[in-house]
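A closer look at the structure
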Amino acid sequence: MLRYVTIKIDGAFIRAPRGTSVLDTAIEYGICIPHLCHVSGLTEIGACRLCIVEHEVAGRARVTTSCTLSVQEGMVVWTNTDKIKRLRRNIAELLVAQAPNSRAIQDVALRCGVREVRYPFRNQDCVLCGRCVRACAEIWQARAIGFVGRGKERRVDYPFGRRPDFCKQCNYCVQLCPMTITPCEGPMKNGEERLCGNCESQLMAAEENPDGCIWCQLGEGFQCGRYV
Ligand code: SF4
Ligand code: SF4
Ligand code: FES
């Protein structure tokens, strides 16, 4: 039997099934908490840290990733405090610097209010979000790919670097990868901080309605919840 708890997110009382994450609860209620590594229904690994929120523990505010935080009766959560906005903007900036060639990452950065990036661009082709690895293991039960290496060498690969026979060739890993969405021409190129019209309007929408959906490619492409 489903048991429900009542929590408060940004002042709104919300009933949610016990065991649900704060992120899923917020999305279901129509509050967009920026996120990247989260895929509904898959195990959460808290890799991107974009979904941080503040919640009250013993009278003190604590910063936690909302995808790994389960709802509890009486929990109080804030998704958009000044502290959270500052931390999240910095995380998003670092993500753009890591992989500026992803529309999904540009979008999530706009949602976080990023107008320019202060870090050197590294043009990596993977941000280690683990979406592909978890989808392969948990949806297809294939485990045909996984993380290998440590530190700067960490990457996603096949066992021994070769596609195994048990890969189902479903292509789901590619579909879920935020790096496969073509970036727009405008923003966040090295030495060129101009935002294109589309990005400007997304940024304005995010600033006017910090909890709202800006129809980012992550939502449209990856079905983050109700916004498809
Ligand atoms: S194509 Fe292969 S590696 Fe990719 S999700 Fe499917 S089974 Fe896994
Ligand atoms: S290959 Fe894509 S989906 Fe997989 S961990 Fe890297 S960025 Fe994420
Ligand atoms: S969505 Fe929560 S840490 Fe990435």
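Scroll up to find the structure.
The notes below deal with the structure included here. (Residues numbered from 1 in each chain as written. Chains lettered and ligands numbered in written order. Predicted model: local features only at pLDDT ≥ 70, side-chain atom pairs only at ≥ 80, totals over all residues. Heavy atoms only, no water.)

Some words on the site of ligand 1
Definition in use: By convention in this text, a residue qualifies as near a molecule or strand provided that one of its non-hydrogen atoms is within 4 Å of it. Each residue receives one of three labels: charged for Asp, Glu, Lys and Arg, nonpolar for Ala, Val, Leu, Ile, Met, Phe, Trp, Tyr, Cys and Pro, and polar for the others, Gly being one of them.
Cys136, Ala142, Ala144, Ile145, Cys167, Lys168, Gln169, Cys170, Asn171 and Cys173 make up every residue found near ligand 1. Residues of the shell around ligand 1, tallied by class, amount to seven nonpolar, two polar and one charged.

Some remarks on unusual backbone geometry
Short version of the rule: Labels follow the DSSP assignment, with helices taken as runs of H or I lasting at least four residues and strands as runs of E lasting at least two, numbered in each case from the N terminus. Relative accessibility under 20% of the residue-type maximum defines a buried residue, over 50% an exposed one, and the middle range a partly exposed one, all with a 1.4 Å probe and only protein chains included.
Its identity as a non-glycine residue notwithstanding, Leu128 has a phi of 60°, on the positive side. One can find Leu128 in the loop between α3 (103-111) and α4 (131-139). At Gln141, a position not held by glycine, the phi torsion is positive, near 50°. In this structure, Gln141 sits in the loop between α4 and β6 (146-148). Exposure remark for Gln141: the relative accessible area of 59% places this residue in the exposed category.

What about the sheet that holds strand β3 (residues 52-57)?
Rules: What makes two strands pair is DSSP finding at least two bridges between them. Comment: axis = line fitted to C-alpha atoms, over the contacting stretch for helices; angle = value between 0 and 180 degrees taken between N-to-C directions. Contacts are residue-level and defined by heavy atoms, with any inter-residue pair within 4.5 Å sufficient.
Strand order across the open sheet formed by five strands is β2-β1-β5-β3-β4, with mixed pairing between neighbours. Both edges of this open sheet fall to β2 (12-17) and β4 (60-65), since each of them pairs with a single strand only. Taken over all neighbouring pairs, the strand axes of this sheet differ in orientation by 35° on average, direction set aside. The pairing of strand β1 (residues 4-9) with β2 spans six bridges and is classified as antiparallel. Residue pairing in the sheet places Tyr4 in a bridge with Pro17 of β2. Most of the contacts of helix α2 (residues 82-98) go to β3, to which it runs at about 145°, and overall it touches β3, β4 and β5 (76-78).

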